[in-house]
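Each chain is listed here by its residues.
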Amino acid sequence: KFMTTALTSLQNMSQQDLRRYFTVHFEDEVAEDHGGPRRDFFGSFGANLLEIAGLWKRLDKGALVPVADVIAEGSPKEARGGLEDVPSLYQACGRVCGLAAKMGDVIGEELAGFFLHQVARDDVVGLEELQ
């Protein structure tokens, strides 16, 4: 339920909302977010990325990368965290990573360096990052 709620909520946020200060409010909790719930959210999200069946894989060195599009499109819809199409799912994951970076938080999982360089369109990628 956590991933479904997180993914659908983030996918439904407007670009204007994404630019605002990001706070987290967990259901049935009365705590105000002074950073703790937000950090817990990002850590829990990263720890549960592999729960989204068929969309992420762990490399031998331990980092995560998205699977090939053809594999992702064949994943069961019920395992996609409440989002029907794969691009929307990856967009929601990207929003989480972007918000974590913006807030200076971590997502609780390591993403492969070559993948991050590709996302950032960094043309200066050395052999070490690609391995």
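Residues numbered from 1 in each chain as written. Predicted model: local features only at pLDDT ≥ 70, side-chain atom pairs only at ≥ 80, totals over all residues. Heavy atoms only, no water.

As for the overall build of the chain
For the chain, the count of helices and strands is 7 helices and 2 strands. Secondary structure elements in the chain, listed N-terminal to C-terminal, are α-α-α-β-β-α-α-α-α. Going through the 131 residues of the chain one by one, you find that 36% of them count as buried. Taking all contacts inside the chain whose residues are at least 6 apart in sequence as the whole, residues at least 24 apart take part in 62%. Accessible area of the chain: about 8200 Å², with a carbon and sulfur share of 52%. (Helix = DSSP H or I, 4+ residues; strand = E, 2+ residues; numbered from the N terminus. Buried < 20%, exposed > 50% of the residue type's maximum accessible area, 1.4 Å probe, protein only. Contact = heavy atoms within 4.5 Å. Areas by Shrake-Rupley, 256 points an atom, 1.4 Å probe, with all protein chains shown as cover.)

Regarding the packing of helix H3 (residues 36-47) against helix H5 (residues 86-103)
Their axes nearest at 11 Å, the elements H3 and H5 cross at an angle of 140 degrees. Classified by the angle their axes make, H3 and H5 are oblique. As H3 runs across H5, the sense of the crossing is left-handed. The residues of H5 that touch H3, namely those facing Arg38, Phe41, Phe42 and Phe45, are Cys93, Val96, Leu99, Ala100 and Met103. (Axes fitted to C-alpha atoms, helices over the stretch in contact; angles between N-to-C directions. Parallel < 35°, antiparallel > 145°, perpendicular 65-115°, else oblique. Left-handed = near helix turned anticlockwise from the far one by under 90°.)

What about the packing of aromatic side chains?
Across all of its chains, the model carries 7 aromatic pairs by this definition. The interplanar angle of 35 degrees and the centroid separation of 6.3 Å between the aromatic rings of Phe41 and Phe45 together place this pair among those described as tilted. Of this pair, Phe41 and Phe45 both sit in helix H3, 4 residues apart, roughly one helical turn. Pair check on accessibility: Phe41 and Phe45 agree, each one buried. An aromatic cluster is present here, built from Phe2, Phe22, Phe41, Phe42 and Phe45 joined pairwise through their rings. (Phe/Tyr/Trp six-rings, centres within 6.5 Å; stacked < 30°, edge-to-face > 60°.)

So, the pattern of salt bridges
For the coordinates displayed, the defined rule picks out 3 salt bridges. In this structure, Arg20 and Asp17 form a salt bridge, with 2.3 Å as the shortest nitrogen-oxygen distance. Of the residues examined, Arg20 reaches a relative accessible area of 43% and is grouped as partly exposed. Among the ionic pairs, Asp105 bridges to Arg38, the shortest N-O distance being 2.5 Å. You can see Asp105 sitting in the loop between H5 and helix H6 (113-119) and its partner Arg38 sitting in helix H3, a full 67 residues away along the chain. (Salt bridge = Lys/Arg side-chain N within 4 Å of Asp/Glu carboxyl O.)

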